[in-house]
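# Breakdown of the fold
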Amino acid sequence: MHVPEIRYQSAHSREVRCLFFDAVGTLIYPARSVGETYSQIGEQFGFQADAETLDAAFRQVFRVTDPPMPVQDDRDWWRTLVEATFVQAGVSGASGAGFDSCFDALFGYYAEGAAWRVYVEVDQVLRDMKGRGLDLWVLSNFDGRLVSILEDLGLAKYFQGIVYSSDVGFSKPAPEIFAEAVRRSGYSVSACLHIGDDPEADWQGGASAGLAVYRLDRSIGDLTGLSEPWAKKT
């Protein structure tokens, strides 16, 4: 889908009081590619594959893997996905108990803020939105590690709460995760705006759930335009 410019889409823009931010691709991004990380850490444990092959394998496996459910441990879900990624990449011996140490290292790596970067404008934008009296939340297809990641990166202080898919049992674009986020916020749907970079998960998902949507396309811009609707009112 081509988006000529970043657009704030809402029939209820004057009513918006609560902002839901996607995490990865909107607020933060990996310090290095999945394939590069898997390749470098995997090699330490004798599991060798090049970064490009692992990147392609991860995308393929992730696409066909159901999201974790509330009763399913996040770690077990990721263990299955990471092992399947190495197997898909043709890595010999990457299955069973022998792969445990490699997975432990990978899982721990992505739980730390050092594995992630914050987009340059994010801190100022969140500070600005908070200063305008808006309630800020995170709504992400992630797992429980997101809480510590945002704390490590100094972003958690801006948010009233963090809603993530493995806790809710649904992932974007399913309307259930948006409905649960709205319920937790205490606001009406018309008072909520979802901000994200994924055309299906964020734009279509948010709109289908009845939320206003801020369509972020980082190939042409960033989040600095988010404050414009409020700036026009003051």
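Preceding this section is the structure that the text describes.
Figured I'd write up the structure that's included with this text. Remember, predicted model here, so these are calculated numbers, not experimental data.

So, how was this worked out
- Residues numbered from 1 in each chain as written.
- Predicted model: local features only at pLDDT ≥ 70, side-chain atom pairs only at ≥ 80, totals over all residues.
- Heavy atoms only, no water.
- Axes fitted to C-alpha atoms, helices over the stretch in contact; angles between N-to-C directions.
- Helix = DSSP H or I, 4+ residues; strand = E, 2+ residues; numbered from the N terminus.
- Parallel < 35°, antiparallel > 145°, perpendicular 65-115°, else oblique.
- Left-handed = near helix turned anticlockwise from the far one by under 90°.
- Contact = heavy atoms within 4.5 Å.
- Nonpolar A, V, L, I, M, F, W, Y, C, P; charged D, E, K, R; others polar.
- Phe/Tyr/Trp six-rings, centres within 6.5 Å; stacked < 30°, edge-to-face > 60°.
- Buried < 20%, exposed > 50% of the residue type's maximum accessible area, 1.4 Å probe, protein only.
- Lys NZ or Arg CZ within 6 Å of the ring centre and 35° of its normal.

Put simply, helix H2 (residues 51-64) and helix H3 (residues 74-88) touch, their axes get as near as 8 Å, and they point 130 degrees apart. Judged by the angle between their axes, H2 and H3 are oblique. Of the two possible hands of crossing, H2 and H3 adopt the one that is right-handed. From H2, Leu54, Ala57, Phe58, Gln60, Val61 and Phe62 reach across to H3, where they touch Trp77, Trp78, Leu81, Ala84, Thr85, Phe86 and Gln88. In terms of residue class, the contact of H2 with H3 is made up of 10 nonpolar, 3 polar and no charged.

Let us now look at the packing of helix H1 (residues 34-44) against helix H4 (residues 100-109). At their nearest, the axes of H1 and H4 sit 9 Å apart, and the two run at 140 degrees to each other. Overall, the two elements H1 and H4 adopt an arrangement that is oblique. Crossing hand, H1 versus H4: right-handed. Here Thr37, Tyr38, Ile41 and Gly42 of H1 lie close against H4, whose contacting residues are Cys102, Ala105, Leu106 and Tyr109. Looking at the contact of H1 with H4 residue by residue, the classes come out as 6 nonpolar, 2 polar and no charged.

Attention shifts here to the packing of aromatic side chains. Centre distance and the angle of the planes are the two values used to describe a pair of aromatic rings. The full count for this structure, using the stated rule, is 15 aromatic pairs. Plain terms: the ring middles of Tyr38 and Phe86 are 5.7 Å apart, the flat faces sit at 15 degrees to each other, and that makes the pair stacked. Here Tyr38, found in helix H1, pairs with Phe86, found in helix H3; they are 48 residues apart in sequence, far enough to count as distant. Comparing Tyr38 with Phe86 shows no difference in burial state: the two are buried. Taking the centre distance of 5.1 Å and the plane angle of 75 degrees together, the rings of Phe47 and Phe99 count as edge-to-face. Taken together, the residues span a long stretch of sequence, with Phe47 in the loop between H1 and H2 and Phe99 in the loop between H3 and H4 at a distance of 52 residues. Look at Phe47 and you get buried, because its relative accessible area is 7%. Members of the aromatic cluster, each reached through a chain of ring pairs, are Tyr38, Phe47, Phe58, Phe62, Trp77, Trp78, Phe86 and Phe99. Positioned above the aromatic ring of Phe107 is the side chain of Arg145, whose terminal nitrogen or guanidinium carbon lies 4.0 Å from the ring centre. Arg218 extends its terminal NZ or CZ atom over the ring of Tyr119, reaching a point 3.5 Å from the ring centre.

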